[in-house]
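# Examination of the molecular architecture
Read off the chains here:
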Amino acid sequence: MDAINYDIELRRAGANATQGWRKVWFLARRHVLGSAGLFFMLIFVLAAAFADLICRFDPLSVDSAHALASPDARHWMGTDSFGRDVWSRIMHGARISLAVGIGSTALGSSIGVIVGLTSGYLSGWVDLVFQRITDILQALPLLVLALIMTAALGPSLPNVIIAIAIPLIPTVARVIRANTLALRELPFVEAAKSIGMSETRIALRHVLPNTLAPLIVLATAQLGSTILTEASLSFLGLGIPEPYPSWGRMLSESAAEYVRTAPWLVIFPGIAISLAVFGTNLFGDALRDILDPRQRG
Amino acid sequence: MFAYIVRRLVLMLVTLFGISVIIFVLLRIVPGNIVDILFAAAGYVDQADKANLERELGLDQPIVVQYLQWIGGMLRGDLGYSYVSEKPALDEILPRIPITARLAGLALLFSASMGIPLGVISAVKQGTRLDYFLRVVSLSGLSLPSFWLGLLILMASVAMFGTMPIFNPNPKTWTEALAIYCVPALAVGFRSAALTMRITRSSMLEVLRQDYIRTARAKGASEQSVNFHHALKNAILPVITVIGIEAAFLIGGLIVTETVFNIPGVARFLVEAIRWRDYPIVQNLVMLIAVVVVLANFTVDMLYAALDPRIRYTD
């Protein structure tokens, strides 16, 4: 049996990978699935950023001469019933999904953080009221609440973002509140109090930064479900209105009737949604393992 | 224990009251009511006719009065009338419930029977290729939109049988009935099976690290006995929570799946009612969903105490 080579063992455990690219490379090798997720997310973001450059057709231009053309060299993913290029619509659709995903996650999380922090830090009746509102919002499934919200607000991009953000608030608020309650009792908060720091300052400077890791984990996990919810809303015809190329909407136009006649109208938008969500889910899992090892599964 | 249950019931009522207020207000800030839609379709607007119709539907009353009328009616078992079909809302909603309930039940059955065993396997084989494979499958289950999965199933059925399964409320044979319900239930249940599997896996991993598992192995208990008899018994609690909550939250998947497969259940009815601004139907359906969610949560908590003797609710 060979003697243990400590250099090799340490390197394998990542002892030399403490900063910069080395650390990134080390983490990437350790979390293969997470890196794959990041890769899908990058493609998704690049498609959204450079949609105009990588498309030969305008996603909105109607060309009835080429309606329902099957995929070929000219239209890589075929055309829809109006003769619009499916590839262009999917690339531009990435923008909508990304905007809704990031927009509603950011909005929902920031409000959730404010609610959770206030609720956990102030306790008393403020906490009680916030808790009840959270209970109420959590008694309705995400899609149902989002459906009612879009119906109330009317279909448009900002309204869809708001409608999906609101159901996210209670989940984030719950996690932040639980964290705040635990952090409030720790010695460093007591120390800050003893040197005369104001409560608001303690909450913002000491408690908030310590809740960031679970927040990032949660927000990444929510990103996928916001993209899915937008797709479902648009699929039901209550999300992003025409003529914007939303992936969910593309499926609703083609839905059951094209299953037989134009399968490319069903396959490609579905793959786009699934890959985008799959990527964020894979990445979110790896991020959870890195940032919040206690939850590791 | 008794005090705890009473407190929970009171909180449930508070939650349901809150939801009723939120839904009622949200539906009324919508620009344009059913009367506007009807008149827009007709192409002309006679203000007198419009006012008449609004009075008939009670839409001219102050919002507080409308709310009290709804709640009062609900307590007497009168849910109002559908604006669209003009039938009592109860008669519209009740016949659709069994259809959705059957779908949900089958989907949960699928979710538990696939999710739990696969989760156990994944945990026991942690770090192996099989584990990686199962984790990717379960994550993809959480990533595929269930309406797309439904469309893919329709596509496969066209390719294989040359036809699509069409919903038939009175199936002739039991195989037909099974096909009618199982296929959409599969599309909905795949997601919750994936969720069940993930929770089972992480819960099992946690339990497998505990000392009593090592003791069981030291005693010479077989691998099978350790995994299923010792570990799964304790790991199953969080799984029950998830399945219980999924039971109520499946409605999200059912909404899109019933739309894809053209199934006349309550979930699709909700979307139709929202499109038509059929307030009485929408608000009653949302309350129905809320009641199911709240009851599911309560049942899960009670089940917890029944299954784990260490948990006793005191207050």
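All of these numbers come straight from a predicted model, not from anything done at the bench.

Tallying secondary structure elements over chain A gives 13 helices and zero strands in all. Mapped from its N terminus to its C terminus, chain A presents α and β elements in the order α-α-α-α-α-α-α-α-α-α-α-α-α. Taken over the C-alpha atoms alone, chain A extends approximately 75 × 65 × 30 Å along its principal axes. The buried share of chain A, taken over its 297 residues, is 45%. In chain A, 69% of the contacts between residues at least 6 apart in sequence involve partners at least 24 apart.

Another point: the overall build of chain B. For chain B, the count of helices and strands is 14 helices and zero strands. When its helices and strands are written in sequence order, chain B yields α-α-α-α-α-α-α-α-α-α-α-α-α-α. When burial is assessed residue by residue, chain B has 37% of its 315 residues classed as buried.

Each partner contributes to the interface: chain A provides 36 residues, whereas chain B provides 41 residues. Mapped by element, the contributors of at least two residues to the side of chain A that touches chain B are α6 (124-138), α7 (142-153), α11 (212-235), α12 (247-261) and α13 (264-291) of chain A. The dominant element in the side of chain A that touches chain B, judged by the number of residues it contributes, is α13(A), at eight residues. The class makeup of the residues in the side of chain A that touches chain B is 26 nonpolar, seven polar and three charged.

Residues and elements named next belong to chain A. Here A146 is to be found in helix α7. Separated by 25 residues in the primary sequence, A146 and T171 place their C-alpha atoms 15 Å from one another. Every residue in contact with A146, bar those within four places of it in the chain, is listed here: A163, I164, P167, T229 and L233.

With that out of the way, let us pick up helix α1 (residues 2-28) of chain B. Here α1(B) spans 40 Å end to end across 27 residues, near enough to the 39 Å set by a 1.5 Å rise per residue. Of all the positions in α1(B), only T15(B), I19(B), I23(B) and L27(B) are classed as buried. The inward-facing, buried residues of α1(B) abut α6 and α7 of chain A together with α14 (279-307) of chain B.

Turning to unusual backbone geometry, a few remarks are in order. For residues besides glycine, phi is generally negative; the peptide bonds are generally trans as well. Residues and elements named next belong to chain B. A positive phi angle is found at N262, which is not glycine, with a value near 60°. Along the chain, N262 turns up in the loop between α12 (251-261) and α13 (266-275). We note that R277 has phi near 55°; this positive angle belongs to a residue other than glycine. Relative to the assigned elements, R277 resides in the loop between α13 and α14. The buried category is assigned to R277, around which 20 C-beta atoms lie within 10 Å.

Across its 15 residues, α6(A) extends 21 Å between first and last C-alpha, which sits within 8% of the 21 Å expected from 1.5 Å per residue. Buried within α6(A) we find T134(A), I136(A), L137(A) and Q138(A). Turning to α6(A), the residues buried within the fold contact α7 and α8 (157-184) of chain A together with α1 of chain B.

Residue and element names in this part refer to chain B. Within the secondary structure layout, Q283 lies in helix α14. Separated by ten residues in the primary sequence, Q283 and A273 have C-alpha atoms spaced 9.5 Å apart. Residues contacting Q283, with those up to four places away along its chain left out, are I23, F24, L27 and W70.

Bringing the nonpolar core into the picture now. L147(A), L270(B) and L285(B) are the most contacted members of the largest nonpolar core, which has 150 residues in total. Setting aside its immediate chain neighbours within four residues, L270(B) contacts I255(B), V282(B) and L285(B).

With that out of the way, let us pick up the packing of helix α5 (residues 86-122) of chain A against α8(A). In a packed pair of helices, the relevant descriptors are the angle between the two axes and the axis-to-axis distance. All names here are of chain A. Put simply, α5 and α8 touch, their axes get as near as 5 Å, and they point 35° apart. As α5 packs across α8, the resulting crossing turns out to be right-handed. A per-class count over the contact of α5 with α8 returns 21 nonpolar, ten polar and three charged.

On to the packing of helix α9 (residues 174-208) of chain B against α12(B), then. Residues and elements named next belong to chain B. Packing of α9 against α12 brings their axes to within 10 Å, and their N-to-C directions diverge by 150°. The angle between α9 and α12 falls in the class roughly antiparallel. Crossing of α9 against α12: the hand is right-handed. Residues P184, A187, V188 and R191 of α9 touch α12, and the partners they reach there are G253, L254, T257 and F261.

Parameters and conventions
Residues numbered from 1 in each chain as written. Chains lettered and ligands numbered in written order. Predicted model: local features only at pLDDT ≥ 70, side-chain atom pairs only at ≥ 80, totals over all residues. Helix = DSSP H or I, 4+ residues; strand = E, 2+ residues; numbered from the N terminus. Buried ≥ 20, exposed ≤ 12 C-beta atoms within 10 Å, placed from the backbone. Contact = placed C-beta atoms within 7 Å. Nonpolar A, V, L, I, M, F, W, Y, C, P; charged D, E, K, R; others polar. Expected span 1.5 Å × (residues − 1). Core = buried A, V, L, I, M, F, W, Y, C linked by C-beta atoms within 7 Å. Axes fitted to C-alpha atoms, helices over the stretch in contact; angles between N-to-C directions. Left-handed = near helix turned anticlockwise from the far one by under 90°. Parallel < 35°, antiparallel > 145°, perpendicular 65-115°, else oblique.

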